Number of protein chains: 2
Amino acid sequence: MNRAAATRPGPPAARQASLREHNLALVARAVFESPVPCSRADIAAASGLTRATVSTLVDRLVAARIVGELPPLVPQRAGRPAVPLAPAPRTVVGLGLEVNVDHLGARVVDLTGTVVAEHVEPDDLHDSDAVTVLARLGRIARDLLAAVTAEGMVAAGATLALPGLVDVRTGRLVVAPNLGWSSLDPVPLLGLDDVVAGGLVIGVANEAKLAALAQAAGTVAPDVAAAVPPSYLYVSGDVGIGSAIVVERRLFHGGHGWAGEIGHVVVDPGGPRCRCGATGCLEQYAGKDALLRGAGLATTAETADLVAALDAGSPDALASVERAGRALGSALADYVNLVDVDTVLLGGIYPPLLGHLRGPVETELRERVLAAPWTDVRVAPAPVGDHAALTGGAREVLRRVVEHPAAWVEVD
Amino acid sequence: MNRAAATRPGPPAARQASLREHNLALVARAVFESPVPCSRADIAAASGLTRATVSTLVDRLVAARIVGELPPLVPQRAGRPAVPLAPAPRTVVGLGLEVNVDHLGARVVDLTGTVVAEHVEPDDLHDSDAVTVLARLGRIARDLLAAVTAEGMVAAGATLALPGLVDVRTGRLVVAPNLGWSSLDPVPLLGLDDVVAGGLVIGVANEAKLAALAQAAGTVAPDVAAAVPPSYLYVSGDVGIGSAIVVERRLFHGGHGWAGEIGHVVVDPGGPRCRCGATGCLEQYAGKDALLRGAGLATTAETADLVAALDAGSPDALASVERAGRALGSALADYVNLVDVDTVLLGGIYPPLLGHLRGPVETELRERVLAAPWTDVRVAPAPVGDHAALTGGAREVLRRVVEHPAAWVEVD
């Protein structure tokens, strides 16, 4: 053994570089995951790396403006005072973009998890024209980028959220039934070719997936959603119902990135016809239009109108939400039986309705989840509600910066 | 940069050991994943390790009887002839154990994927006594172990398959409704304490999960199931209906290891009452008892009797299988919509019925899978059918040997 170890040559250069990148990411993660500002010495102690190595790596992260240095603390013993380290504010930022059925907009988030700029325009985009809408979103994005660049910030990338099936390998939208869009390549339609040529990578993803990631405690903004466990189902109600499976803070994508289409889980095969062509899909009971129609309201009404009708004791409104709750509970029971994740975060239109939805949802879960007697299926409102897909899209960009900081760091 | 690299000390001893283990596993994997016997030189070329390193590591794997050496080939150029390497037959073996509703048994599989011994006893174990049944299985296991040990083989571990919810962290059975067992610790009841004290680790897992893994091409027996893609849903029909999600050849466990309970997905909320307490579960349409009853057969009949009735054109049998197919297709559509895995392997009682099941299953999938127009959901019989959970359980043990061979290798 010893002879073999002695004669084996050291790892080649490629592995040295890989080890350096690994250590750089280790140090970045230590700073970003620490609940309080930490020092170089803290990181050395936690990582097992030498203080000299940690110092060199921290210096690079500071130079790259990923990590910021706070004012030194008063030293508690002799020697140089420790410099507290924390995610750098207003330096490297991520851009979230979104087109949804009732709004379009953009949001810029920095490495501390703070929203530093945003612009959201409510609009009815059912069966809208993709070319016009995406060009409009591109102009919003361009203005926001110009504003944050003028303040010295650098966008590390952008993510476009769309309410439909997105091919995660190509970035193409397959279909977004409620927008009436299908088979298109959305990024070129933003009219940001010059920005992309300048190096801004724009990814595309399903909005429910990004909204789900916004709920996760993580390397960016660890304080947000501290009560959210590492694994959960996120279900977002709107005209359609999207969802995502998050396991240990990572999305479960499935083969194409299409996992989570709970809106088309069968609630009752004899139920109403869905826009997808099938019958009795969850959307036809617990989607926004179905909820409003069931309550005797116009589908142009808002969730607030439904809440007002519930508060006024409208029998139609109460019956509609009861029916939606039973259907949602039944579909969630299937979900939990199939993927065994027992925290459900409800977002979109559901949080203000939860007082009335919770009863029937929990009844169905208790009756239908096979493991219900041995585990506690928890239903809670999603902590990040307000256009969560914008936050999630921006944070995805920043998570990659923190996990692979080498790309942002000068090495010589 | 260079100065920092020069002053950074080399990795500590723990990392050296970890690198050695990593390289040992790399070499083992190269031998096990190669479709044809490979030489030390082949492994060096593919891995980037030096020939001296590869040779040392291979020698250790050969000494540990994990890798076998075949007769040398005639050299094609000057020098020592290359020695072809392959998984070692009949040396290190895995033991699969199973109690199911209609049988119990054990199977020994070697590193080449070959079944070297087995003993399976058919029996009706509905609502059986766990203490008696597990003691009986323990005696079967003891006899098989004695037989293979007498032939010089060494059991690397065992896995017990049970048809119910198993807590993967503790190895306890939570509930197996069709056996009538719940809340028990099965391993001590095998009566193999002396064997366990001697070092044999006995794991416990859900039978459908293990049967699913038996379908995967992998490090053990790469030739088996060569047509199976890396990601698939495995659904096994019996009295109950179990399933498993395999993504990139790994089980998706969920939070407790309970993912895949498709038997209790809602097909029709107005449907018949299920043993689980809910109504309209898939088992009540496509489980073995439901299929036989619907065909006018006794629930003690076999799948072969149902096939005979179908072949004879029995209207009841045809209607029962049609109804089961629609229900199975609807539940599979939910499954595919939620997890986006588009190959479905049907095992258990389903393969001989597939001629009649396929039509209604595929109709439902086409109608209900949202992505159906853009992807091809494939339904196929599971290639490993005969007590697949026994094979899967044994292979799980062997997979760990191949992935972590260091535990089996003398290091000094």
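The structure displayed is predicted, hence computed values, not measured ones.

With that settled, the discussion passes to the pairing of strand E6 (residues 154-162) of chain A. Residue and element names in this part refer to chain A. Most of E6 is tucked away: eight of the nine residues are buried. Pairing between strand E3 (residues 92-100) and E6: six bridges, direction parallel. If you follow Leu97 over to E6, its bridge partner there is Leu160. Examined bridge by bridge, E6 and strand E10 (residues 202-206) share five bridges and lie parallel to one another. Counterpart to Leu162 in the pairing with E10 is Asn206.

The terminal C-alpha atoms of helix H4 (residues 51-63) of chain A, which comprises 13 residues, lie 18 Å apart, in line with the 18 Å expected from a rise of 1.5 Å per residue. Directly after H4(A), the chain includes A:Arg65, whose backbone phi takes a positive value near 65°.

The interface is formed by 45 residues belonging to chain A together with 45 residues belonging to chain B. Going through the elements one at a time, helix H1 (2-7), H4, helix H11 (315-339) and helix H12 (354-368) of chain A are the ones with two or more residues in the side of chain A that touches chain B. The element that contributes the greatest number of residues to the side of chain A that touches chain B is H11(A), accounting for six residues. Taken together, the residues of the side of chain A that touches chain B break down into 22 nonpolar, 14 polar and nine charged.

Residues and elements named next belong to chain B. What the three strands build is an open sheet, ordered E7-E8-E9; its pairing is antiparallel. At either end of the open sheet lies a strand with only one pairing partner, and these are strand E7 (165-167) and strand E9 (181-184). Mean inter-strand twist for the sheet, computed between neighbouring axes without regard to direction, equals 20°. Of the pairings in the sheet, the one linking E7 to strand E8 (residues 172-176) comprises three bridges and is antiparallel in character. Within the sheet, the bridge partner assigned to Val166 lies in E8 and is Leu173.

Further remarks concern the sheet that holds strand E4 (residues 103-110) of chain B. Residues and elements named next belong to chain B. Ordered in space as E5-E4-E3-E6-E10, the five strands form an open sheet in which the pairing is mixed. Each edge of the open sheet carries a strand with a single partner, namely strand E5 (115-122) and strand E10 (202-206). Direction aside, neighbouring strands of the sheet carry axes that sit 15° apart on average. Pairing of E4 with E5, which is carried by seven bridges, proceeds in the antiparallel orientation.

This part covers the domain arrangement of chain A. Segmenting chain A into domains produces domain 1 (14-87), domain 2 (92-214 + 389-408) and domain 3 (232-382). Computed over C-alpha atoms, the centres of domain 1 of chain A and domain 3 of chain A are 44 Å apart.

Time to look at the environment of B:Ala146. All names here are of chain B. As for its placement among the helices and strands, Ala146 is situated in helix H5 (residues 130-150). A residue is classified by how many C-beta atoms lie within 10 Å of it, and Ala146, with 10 of them, is exposed. In the structure, Ala146 is positioned 98 residues away from Gly48 in sequence and 42 Å away in space, judged by C-alpha atoms.

All right, on to the relation of the copies chain A and chain B then. The transform that puts chain A on chain B rotates by 180° and translates by 0.1 Å along the axis, for an RMSD of 0.1 Å. Between the two chains, the operation in question is that of a two-fold axis. Closest to the rotation axis within chain A is the C-alpha of A:Asp268, separated from it by 2.7 Å. Here 100% of the interface residues in chain A have copies in chain B that are interface residues too; the copies meet face to matching face.

Another aspect to go through is unusual backbone geometry. Leaving glycine aside, a negative phi is the common case for residues, and trans is the common case for peptide bonds. All names here are of chain A. A positive phi angle, close to 45°, is found at Asp127, a residue other than glycine. For Asp127, the location among the structural elements is in the loop between strand E5 (115-122) and helix H5 (130-150). With a phi close to 45°, Ser183 is a non-glycine residue in the positive phi region. Judged by local crowding, Ser183 falls into the exposed class, with 9 C-beta atoms found within 10 Å.

Analysis parameters
- Residues numbered from 1 in each chain as written.
- Chains lettered and ligands numbered in written order.
- Predicted model: local features only at pLDDT ≥ 70, side-chain atom pairs only at ≥ 80, totals over all residues.
- Buried ≥ 20, exposed ≤ 12 C-beta atoms within 10 Å, placed from the backbone.
- Helix = DSSP H or I, 4+ residues; strand = E, 2+ residues; numbered from the N terminus.
- Pairing = 2+ DSSP bridges.
- Expected span 1.5 Å × (residues − 1).
- Contact = placed C-beta atoms within 7 Å.
- Nonpolar A, V, L, I, M, F, W, Y, C, P; charged D, E, K, R; others polar.
- Axes fitted to C-alpha atoms, helices over the stretch in contact; angles between N-to-C directions.
- Domains from an automatic or database assignment.
- Least-squares fit on C-alpha atoms with pLDDT ≥ 70 in both.

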